[in-house]
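Remarks on the overall topology
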Amino acid sequence: MKPVPVLLITHDDLLWQHWRALDPARWMAARGRGLADLQRWREQGRTLAVLDADVPRLPSWQDPIWAATFSGLHVVVASPSPNDEQGTQALGAGAHGYCHSHAPAASLAQSLDVVASGGIWMGRSLVSRLLRLVSERAQDAYDWDGGLLTERELTVARYAASGQANAGIAEALGITERTVKAHLSAVFEKLGVTDRLQLALLVHGISAPAQARSKITS
């Protein structure tokens with residue numbers, strides 16, 4: 001199997017050396033120094049990157065420029081001082097992962113594997129925080145599904161995003177687990193998500209439906 005190209009963006013030479021400890025048989029590391037390198041990486045038909053959160057003059061995570069910057073890419077944001085607030089903002093900006101920039105090479109490789117396959121990578125405390133916020137939020141406060149789901153699909157999606165298992169959803173709604181699975185499959189397809197964590201992020205407003213993101217960046 002050929003090594004997977006990954007762009008490692010940092011101004012920190014020591015961090016670059018740390019990241020280069022990635023297994024060269026699995027990862028083909030290239031260095032970048034700013035967001036312009038992400039654009040060139042995308043133009044080369046490549047998608048996987050790690051962005052040092054300490055790169056100078058990065059836009060605020062609330063800046064709408066991130067939608068275009070991250071479009072079509074799978075980016076892990078790495079911070080030397082990770083915290084749940086910054087992680088939430090980075091994921092909301094369109095990153096697919098958030099981790100400690102000085103984590104062991106094996107941990108970074110694991111996050112890259114998950115993100116490269118379309119998943120989302122984050123620490124346990126951030127997962128817990130986001131799921132807790134999902135359960136606390138008034139679900140009808142905004143049009144998080146973009147009008148794509150039926151009423152029953154909306155209900156199943158809300159239960160799933162709050163951490164309910166299929167059996168619990170089936171019992172609460174008086175339907176079979178098979179029907180729950182069918183509804184969730186439809187929800188995932190319509191919203192462009194691949195798992196319950198991505199769904200929870202969407203319900204909480206951390207990300208937008210894939211269809212909506214494509215409209216923003218097209």
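Since this is a predicted model, take the numbers as computed values, not measurements.

**What about helix α8 (residues 166–173)?**
Every buried residue of α8 is accounted for by Asn166, Ile169 and Ala170. Down the axis of α8, the smallest arc covering the buried residues is 100°, so these residues share one side. Looking at the residues trailing α8, positive phi occurs at Gly174, about 70°.

**A closer look at the nonpolar core**
One finds Leu38, Leu51, Trp61, Phe70, Val75 and Val77 to be the most contacted residues of the largest nonpolar core, which totals 23 residues. Listed by contribution, the elements that provide at least two residues to this core are β1 (4–9), α2 (35–43), β3 (48–52), α3 (65–70), β4 (74–79) and α4 (84–93). Looking at this core element by element, the count peaks at three residues for α4. With sequence-adjacent residues up to four places away left out, Val77 is seen in contact with Leu51, Ala53, Trp61, Phe70, Ala90, Ala95, Gly97, Tyr98 and Cys99.

**What to know about the layout of surface pockets**
A water-sized probe rolled over the atoms picks out the places where empty space is left. The calculated volume of the second largest pocket comes to roughly 210 Å³. As for the second largest pocket, its lining consists of 16 residues, and the residues nearest its centre are Tyr98, Cys99, His100, Met122 and Gly123. Within the residue set of the lining of the second largest pocket, elements represented by two or more residues are β5 (97–100), α5 (105–116) and α6 (124–136).

**Things to note about the sheet that holds β1**
Ordered in space as β2-β1-β3-β4-β5, the five strands form an open sheet in which the pairing is parallel. Strand pairing shows two members of the sheet lacking a second neighbour, β2 (27–32) and β5, which therefore form its edges. With direction set aside, neighbouring strand axes in the sheet form an average angle of 25°. Looking at chain direction, β4 and β5 are connected through four bridges and run parallel. Bridge pairing links Ala78 to Cys99 in β5. Contacts between α4 and the sheet are confined to β4 and β5, with β5 contributing the most and set at about 150° to the helix. Against the sheet, α5 engages β1, β2, β3, β4 and β5, with an angle of about 150° to β4.

Basis of the calculations
Residues numbered from 1 in each chain as written. Predicted model: local features only at pLDDT ≥ 70, side-chain atom pairs only at ≥ 80, totals over all residues. Heavy atoms only, no water. Buried < 20%, exposed > 50% of the residue type's maximum accessible area, 1.4 Å probe, protein only. Helix = DSSP H or I, 4+ residues; strand = E, 2+ residues; numbered from the N terminus. Arc of directions from axis to C-beta. Core = buried A, V, L, I, M, F, W, Y, C linked by side-chain atoms within 4.5 Å. Contact = heavy atoms within 4.5 Å. 1 Å grid on protein atoms, 1.4 Å probe; cavity = no way out; pocket = protein on both sides within 12 Å on 5 of 7 lines; lining within 4 Å. Points joined across faces, edges and corners; volume = space filled by probe spheres on them. Pairing = 2+ DSSP bridges. Axes fitted to C-alpha atoms, helices over the stretch in contact; angles between N-to-C directions.

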